[in-house]
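Close look at the chain arrangement
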Amino acid sequence: MMRALHEEHHLRDPDLFKEPDEVEKSKDIATYLDDPNCLVYVVVDKQQSKRTCVAFISGHFCELISTVSKPIMMGSVDELYVKPDWRHKGLGRALMDHLNHVFKQYGASQVFVEVWHSNKDAVKMYQEYGFSHHIHWLRKVL
């Protein structure tokens, strides 16, 4: 499923996103599973004869330390993906609810997520979930 997420990103904006094969070389789910500060949750379709993962979320928590702002315990939503046929059924929200609950248990006081402007559906979902702009990170082509 992680490959499908990165393929959607690449297809939407190939000038910005690497191809899934290239991402897979540098990003390994085992890294998350081995790190106690990282979290991965999945939604499995149990209705089929073969159980299938239909959605996942990954995140981590840490202390955000900056040279200009006060340190805070934070959670970070790293990746959230729901297969297209399963979208708009509340799975993303359910995964977010669970991840936020765990972040609170770990002592996080804020949650951050990075979303590309071109991913309109994700931006809308996160805004509906209560996320707002924190930092304006701007760029220009030279």
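This is a predicted model, so every value here is computed, not measured. (Residues numbered from 1 in each chain as written. Predicted model: local features only at pLDDT ≥ 70, side-chain atom pairs only at ≥ 80, totals over all residues. Heavy atoms only, no water.)

Bringing the pairing of strand E4 (residues 110-113) into the picture now. Strand direction decides the pairing type here: strand E3 (residues 72-82) and E4, joined by four bridges, are parallel. Across the sheet, residue Ser76 finds its bridge partner in E4, namely Phe112. Following the backbone out of E3, through helix H4 (residues 91-105) and into the adjacent parallel E4, one traces a crossover that is right-handed. (Pairing = 2+ DSSP bridges. Helix = DSSP H or I, 4+ residues; strand = E, 2+ residues; numbered from the N terminus. Right-handed = clockwise from strand over helix to strand, strands pointing away.)

The subject of this paragraph is H4. Three- or four-residue spacings in an α-helix give side chains the same orientation, since the helix completes a turn every 3.6 residues. Between its first and last C-alpha, H4 extends 21 Å over 15 residues, near the 21 Å set by a 1.5 Å rise per residue. Along H4, the positions that sit buried rather than exposed are Leu91, Gly92, Leu95, Met96, Leu99, Asn100, Val102 and Phe103. Looking straight down H4, one finds that the buried residues subtend no more than 165° of arc, so they occupy a single side. Opposite the buried face of H4, by more than 90 degrees, sit the exposed residues Lys104 and Gln105. Contacts made by the buried residues of H4 are with strand E1 (38-45), strand E2 (52-64), E3, E4 and helix H5 (120-128). Where H4 terminates, the next one or two residues include Gly107, which has phi positive at roughly 95°. (Expected span 1.5 Å × (residues − 1). Buried < 20%, exposed > 50% of the residue type's maximum accessible area, 1.4 Å probe, protein only. Arc of directions from axis to C-beta. Contact = heavy atoms within 4.5 Å.)

Turning our eyes to something else, we now look at the sheet that holds E4. The strand order E1-E2-E3-E4 describes an open sheet built from four strands, whose pairing is mixed. Strands at the two margins of the open sheet, each flanked by one partner only, are E1 and E4. Averaged over all pairs of adjacent strands, the angle between their axes in this sheet comes to 25°, without regard to strand direction. (Axes fitted to C-alpha atoms, helices over the stretch in contact; angles between N-to-C directions.)

Scanning the entire structure with this criterion turns up one salt bridge. The closest approach of N and O atoms between Lys124 and Glu128, which form a salt bridge, is 3.8 Å. Of this pair, Lys124 and Glu128 both sit in helix H5, four residues apart, roughly one helical turn. Exposure remark for Glu128: the relative accessible area of 52% places this residue in the exposed category. (Salt bridge = Lys/Arg side-chain N within 4 Å of Asp/Glu carboxyl O.)

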